[in-house]
Amino acid sequence: MNDDYSHLDTTLIYITESIPGPPTDSPEYKILVKNFNSQVTLECNCADICDHESCDCNKSPGGGNYIKHPITYKMVLNQCKMTCTDTTSIIECNSMCSCQDKCGNRVVQNGPVAGLYVKSCESMEKGLGLFTKDHIPAGSFICEYAGEIITKDQAALRQGYNALNGKMNYVFCLNEHCDTNSFQTFVDPSFIGNIGRYINHSCDPNCVIIPVRVNTPIPKLAIFALKDIVPQSEITFRYGSDNSKDFVFLTKVGRKKCCCNSPKCSGWMPYEVY
Ligand SMILES: C[S@@+](CC[C@H](N)C(=O)[O-])C[C@H]1O[C@@H](n2cnc3c(N)ncnc32)[C@H](O)[C@@H]1O
């Protein structure tokens, strides 16, 4: 993965991809590690670059993910994938596939977009935020929200600690649905994470977070541009989805005032008790 970013705060550990959190004796943790070490079986036999017409990966339910941007020729998210929250929504080519790094179905795994930087936001309450130096076309992959993959119990403990101690909350819960089943993934970049940990919430966001699978069945929390983003803009996504509350930052105690400053601001940060 091509990721040259780092943290200014030397107490934080930079990782380019999510890793399992500290071990516990719980059965849930064992399942988490087992899933993390499992391999998605989807594979293609394409030489070099996947052929969109015949490639098995592109024909499968998790395929047909990216299209070439008409001006930049870089791969951007297929519009129909923008709202997917089911477990087969986006599956990229993986280490079992015979295609190469430049395959059009390898985007998130190749690392974040260039030109991101972290700075303090105008609103003190928001703290730091993630910004872009460059123009980013709609559908572009920005970066992963990477951190420690933790169990529900660990997530509750960490979030409770943050709330009690008035700290910012980084624990993110992703809910996915497949038929009648639903799956939760908890990621915490509080101490170990990537550049994605600095992305703030907005009630009128320019990005969206979407589950993307590469090698393991545990999804990467991938952030994509919802619209064209002009240079020096702050990168934002909605912490809770509009209707189903599929993506949530865990907040059991009260609700924080939202300082996104958008005309569409609801006044409060999203929350959900899980
Ligand atoms: C994932 S962190 C985002 C990065 C964080 N701002 C920092 O300085 O590291 C989430 C925290 O940022 C703050 N935050 C994010 N969006 C906000 C908003 N729209 N209004 C107020 N605070 C916000 C909240 O304290 C929230 O718990």
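Residues numbered from 1 in each chain as written. Predicted model: local features only at pLDDT ≥ 70, side-chain atom pairs only at ≥ 80, totals over all residues. Heavy atoms only, no water.

As annotated in an unreviewed UniProt entry, the chain is SET domain-containing protein from Chilo suppressalis.

Visitor: Account for the environment of glutamate 144, with residues named and values stated.
Guide: On the secondary structure map, glutamate 144 appears in strand 7 (residues 141–144). For glutamate 144, a relative accessible area of 4% gives the class buried. Here the alpha-carbon distance between glutamate 144 and glutamate 234, two residues 90 residues apart in the chain, equals 16 Å. There is a polar contact of 3.5 Å between the side chain of glutamate 144 and the side chain of lysine 220. (Helix = DSSP H or I, 4+ residues; strand = E, 2+ residues; numbered from the N terminus. Buried < 20%, exposed > 50% of the residue type's maximum accessible area, 1.4 Å probe, protein only. Polar contact = N/O pair within 3.5 Å; in protein donor to acceptor, adjacent residues only side chain to side chain.)

Visitor: A description of the site of the ligand should follow, citing residues and the corresponding values.
Guide: By nearness alone, 21 residues border the ligand, and Lys126, Leu128, Tyr170, Asn200 and Cys259 come closest of all. Take asparagine 200: an N or O atom from its side chain is 2.8 Å from a nitrogen atom of the ligand. A distance of 2.8 Å separates a nitrogen atom of the ligand from a polar atom in the backbone of cysteine 259. In the complex, 96% of the free accessible area of the ligand, which totals 580 Å², lies under the protein chains. In the shell around the ligand, the residues fall into 12 nonpolar, four polar and five charged. (Near = heavy atom within 4 Å. Areas by Shrake-Rupley, 256 points an atom, 1.4 Å probe, with all protein chains shown as cover. Nonpolar A, V, L, I, M, F, W, Y, C, P; charged D, E, K, R; others polar.)

Visitor: Explain the pairing of strand 10 (residues 181–188) to me, using residue names and the numbers behind them.
Guide: Bridging between strand 8 (residues 148–150) and strand 10 involves three bridges; their strand directions are antiparallel. Residue pairing across strands places isoleucine 149 opposite valine 187, the latter belonging to strand 10. In terms of strand pairing, strand 9 (residues 172–178) meets strand 10 through seven bridges, oriented antiparallel. Its bridge partner being in strand 10, cysteine 173 is matched across the sheet by phenylalanine 186. (Pairing = 2+ DSSP bridges.)

Visitor: Before we move on, can you summarise the packing of aromatic side chains with the specific residues and values?
Guide: Applying the stated rule across the entire model yields seven aromatic pairs. Arranged with centres 6.4 Å apart and planes meeting at 85 degrees, the rings of tyrosine 145 and phenylalanine 237 form a pair that is edge-to-face. A residue pair is termed long-range when its members are at least 10 positions apart, and tyrosine 145 in the loop between strand 7 and strand 8 and phenylalanine 237 in strand 15 (residues 236–237) qualify at 92 residues. By relative accessible area, which is 1% here, tyrosine 145 ends up buried. Where phenylalanine 237 meets tyrosine 239, the ring centres are 5.3 Å apart and the plane angle is 50 degrees; that geometry is what we call tilted. Each of the two residues, phenylalanine 237 as well as tyrosine 239, counts as buried. An aromatic cluster of three or more residues is present, and its members are Tyr145, Phe172, Phe237 and Tyr239. (Phe/Tyr/Trp six-rings, centres within 6.5 Å; stacked < 30°, edge-to-face > 60°.)

Visitor: Go over empty space enclosed by the protein, please, and point to the residues and values.
Guide: One pass over the full model with this rule turns up one cavity of 30 Å³ or more. Considered as a void within the structure, the largest cavity measures approximately 40 Å³ in volume. Surrounding the largest cavity, Met1, Asp3, Thr16, Val108, Gly111, Pro112, Phe141, Glu144 and Asn194 form its lining. Partitioning the lining of the largest cavity into residue classes produces four nonpolar, three polar and two charged. (1 Å grid on protein atoms, 1.4 Å probe; cavity = no way out; pocket = protein on both sides within 12 Å on 5 of 7 lines; lining within 4 Å. Points joined across faces, edges and corners; volume = space filled by probe spheres on them.)

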